[in-house]
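# Summary of the model geometry
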Amino acid sequence: MKKLGFGLMRLPLVNPDDQTSIDIEKFKEMADRFIERGFTYFDTAYPYHGGKSEEAFREVVVKRYPREAFTITSKMPVWAINEVADLDRVFNEQLERCGIEYFDYYWLHALNHERVEVIDRMDGWGFLARKKAEGRIRNIGFSFHDDSQLLAEILEKHPEVDFVQLQINYLDWESPAIESRTCYELCVKHGKPVLVMEPVKGGSLARVPQAVEKLFKDYAPDASAASWAIRYCASLPNVYMVLSGMSDMEQLEDNTSYMQDFVPLNNEEQSIIAQATQVIRDSIAIPCTACHYCSEGCPQQIAIPEYFNLYNNLQQFPDQRGNCKLYYGLLAKNHGKASECVECGQCEAQCPQHIDIIDSLKLVAQSFEED
């Protein structure tokens, strides 16, 4: 299997303000090209695109291709499980949404300390094992967003898992908050292949500072910034698959072009990545990946990821202040302003990046709401 997976979290939209308005025709074109180039791996989840990602996959891929032409993975939304019966109910709903009889890969979604307690109490691990024995799941595992100590405990207690999905990218490799390297090495130690999410860090590593762009272009003029990020992850020996949440045909064409016949990074390229990492660390103010977990439950309907993106753009490109303020005003017409945060904390509890969202929103308000 080729090492690039199609993440169905950032699909093209008919209405950019409505995550459920997936552009099915554009998605069809992208999926067709993906499969035409020999790729098969699609990754979806229960909450993606307001619950519409799995259904879109059914319409675009399942109804148009034989089962052997694709590989599909989805995830159990642990935060939606309130009683044991919910495990079967949600799983069966996902099978129906996707229009399939079994998942090739199925994860417990975004495990952290709180969700591990829930899944232990509900015997979610036993549930996965039973579904695998029934042939409803071919490979079981979990995606992970917490500290390495918890990951070590899970891997010790549950040797039955087949894979682990981790956030890995060159910017987070040595991050004390994400611990990508430490978590990766734990999976190596326990013999668990890794599937990589966020290799381009929510798109931020596709839009690198000019100094980094120059580093990349001086070495490989035709290679995109995203290609450096994805090849970095795919070059790790224990990585089985690298996911990319592709939003348009241009991104898909680029990703499949260099991953069709993948070549690992050489020593000189690794050195360039190390230089790029330092430059980017010095320029990114808020390390948001735009996963939207924070904003989905916001009582003020604040467009948190979008505001953070504008703030980061302002820090990197001060001369774009006028445009950034304009877009902030447009967003604020249909969403709560950053200053309207009530500091309930639900966003910070959901954030996989462990961002101090409340304090960061104050920075956004100072930058865009004060003259």
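First, a word on scope: everything that follows refers to the structure included in this document.

## What to know about the overall build of the chain
A tally of helices and strands in the chain yields 16 helices and eight strands. Taken over C-alpha atoms, the radius of gyration comes to 20 Å for the chain, in line with the 21 Å a tight globule of 371 residues would show. The dimensions of the chain, computed from C-alpha atoms along their principal axes, are 60 × 50 × 45 Å. For the chain, the residues scored as buried account for 54% of the 371 residues in total. A fraction of 75% describes how many contacts in the chain between residues 6 or more apart in sequence connect residues 24 or more apart. For the chain, the accessible area works out to roughly 16100 Å², and carbon and sulfur atoms hold 47% of it. Separation of charge centres in the chain, based on 37 positive and 57 negative side chains, amounts to 3 Å.

## Things to note about the side chain of N112
Tracing the backbone through its elements, the reader meets N112 in the loop between β4 (103-111) and α5 (113-121). On the basis of relative accessibility, which here comes to 12%, the residue N112 falls in the buried class. Only 3.2 Å separates the side chain of N112 from the backbone nitrogen of E114, close enough to count as a polar contact. Setting aside anything within four residues of it in sequence, one finds N112 in contact with H145, D146 and L150.

## Considerations on the packing of helix α14 (residues 321-334) against helix α16 (residues 357-368)
The contact between α14 and α16 brings their axes to 10 Å, and the two run at 115°. In terms of orientation, α14 lies roughly perpendicular with respect to α16. Judged by the twist between their axes, the crossing of α14 over α16 is left-handed. Contacts between α14 and α16 involve R321, C324, K325 and Y328 from the former and V364, S367 and F368 from the latter. For the contact of α14 with α16, the per-class residue count stands at four nonpolar, one polar and two charged.

## Observations concerning the side chain of E269
Mapping E269 onto the fold places it in helix α12 (residues 267-281). In this structure, E269 is in contact with Y219, W228, R231 and P264, ignoring residues within four places of it in sequence.

## What to know about helix α1 (residues 24-36)
Helix length check: α1 (13 residues) gives 18 Å between terminal C-alpha atoms against 18 Å at 1.5 Å per residue, within 8%. Turning to α1, its buried residues are F27, M30, A31, F34 and I35. Mapping the buried residues of α1 onto a view down its axis gives an arc of 130°, with all of them on the same face. Here the buried face of α1 lies against β1 (4-7), β2 (41-43), α3 (53-62) and α11 (249-259).

## Re the packing of aromatic side chains
Tallied over the full model, the rule gives 26 aromatic pairs. With 5.9 Å between their ring centres and 75° between their planes, F6 and F27 make a pair best called edge-to-face. Taken together, the positions of F6 in strand β1 and F27 in helix α1 put the pair 21 residues apart, joining distant regions of the chain. Using a relative accessible area of 0% as the deciding quantity, one classes F6 as buried. Summarising the aromatic geometry, the rings of F91 and Y106 are spaced 5.0 Å apart at their centres and angled 85° between planes, so their arrangement reads as edge-to-face. Linking F91 in helix α4 (residues 84-98) with Y106 in strand β4, this pair joins segments that are 15 residues apart in sequence. For the pair shown, F91 and Y106 are each scored as buried. Following the ring pairs from residue to residue traces out a cluster consisting of F6, F27, F34, F39, F42, F57 and F70. Its end group placed over the ring of Y102, R67 keeps NZ or CZ at 4.0 Å from the ring centre.

## Things to note about the nonpolar core
In terms of nonpolar packing, the biggest core is built from 89 residues, with F6, F42, F142, L151 and L166 touching the most fellow members. The dominant element in this core, judged by the number of residues it contributes, is helix α10 (residues 225-234), at eight residues. The residues contacting F6, other than those within four sequence positions of it, are L11, F27, M30, A31, F34, Y41, F42, D43, S244, M246 and L252. Of all hydrophobic cores here, the second largest spans 25 residues; its members include C298, I302, C347 and F368.

## Quick word on the pattern of salt bridges
For the structure shown, the criterion picks out 27 salt bridges. Measuring nitrogen to oxygen at the nearest pair gives 3.3 Å for the salt bridge that ties K131 to E134. A salt bridge links K362 to D359; the shortest N-O distance between them is 3.9 Å. With K362 and D359 both in helix α16 and three residues apart, this pair spans about one turn of that helix. Residue class for D359 comes out partly exposed when judged on its relative accessible area of 47%. The network of salt bridges with shared partners includes E54, D86, R89, E93 and R97.

The rules behind each value
- Residues numbered from 1 in each chain as written.
- Predicted model: local features only at pLDDT ≥ 70, side-chain atom pairs only at ≥ 80, totals over all residues.
- Heavy atoms only, no water.
- Helix = DSSP H or I, 4+ residues; strand = E, 2+ residues; numbered from the N terminus.
- Rg over C-alpha atoms; globule rule 2.2 N^0.38 Å.
- Buried < 20%, exposed > 50% of the residue type's maximum accessible area, 1.4 Å probe, protein only.
- Contact = heavy atoms within 4.5 Å.
- Areas by Shrake-Rupley, 256 points an atom, 1.4 Å probe, with all protein chains shown as cover.
- Lys, Arg positive; Asp, Glu negative; His and termini not counted.
- Charge placed at Lys NZ, Arg CZ, Asp CG, Glu CD.
- Polar contact = N/O pair within 3.5 Å; in protein donor to acceptor, adjacent residues only side chain to side chain.
- Axes fitted to C-alpha atoms, helices over the stretch in contact; angles between N-to-C directions.
- Parallel < 35°, antiparallel > 145°, perpendicular 65-115°, else oblique.
- Left-handed = near helix turned anticlockwise from the far one by under 90°.
- Nonpolar A, V, L, I, M, F, W, Y, C, P; charged D, E, K, R; others polar.
- Expected span 1.5 Å × (residues − 1).
- Arc of directions from axis to C-beta.
- Phe/Tyr/Trp six-rings, centres within 6.5 Å; stacked < 30°, edge-to-face > 60°.
- Lys NZ or Arg CZ within 6 Å of the ring centre and 35° of its normal.
- Core = buried A, V, L, I, M, F, W, Y, C linked by side-chain atoms within 4.5 Å.
- Salt bridge = Lys/Arg side-chain N within 4 Å of Asp/Glu carboxyl O.

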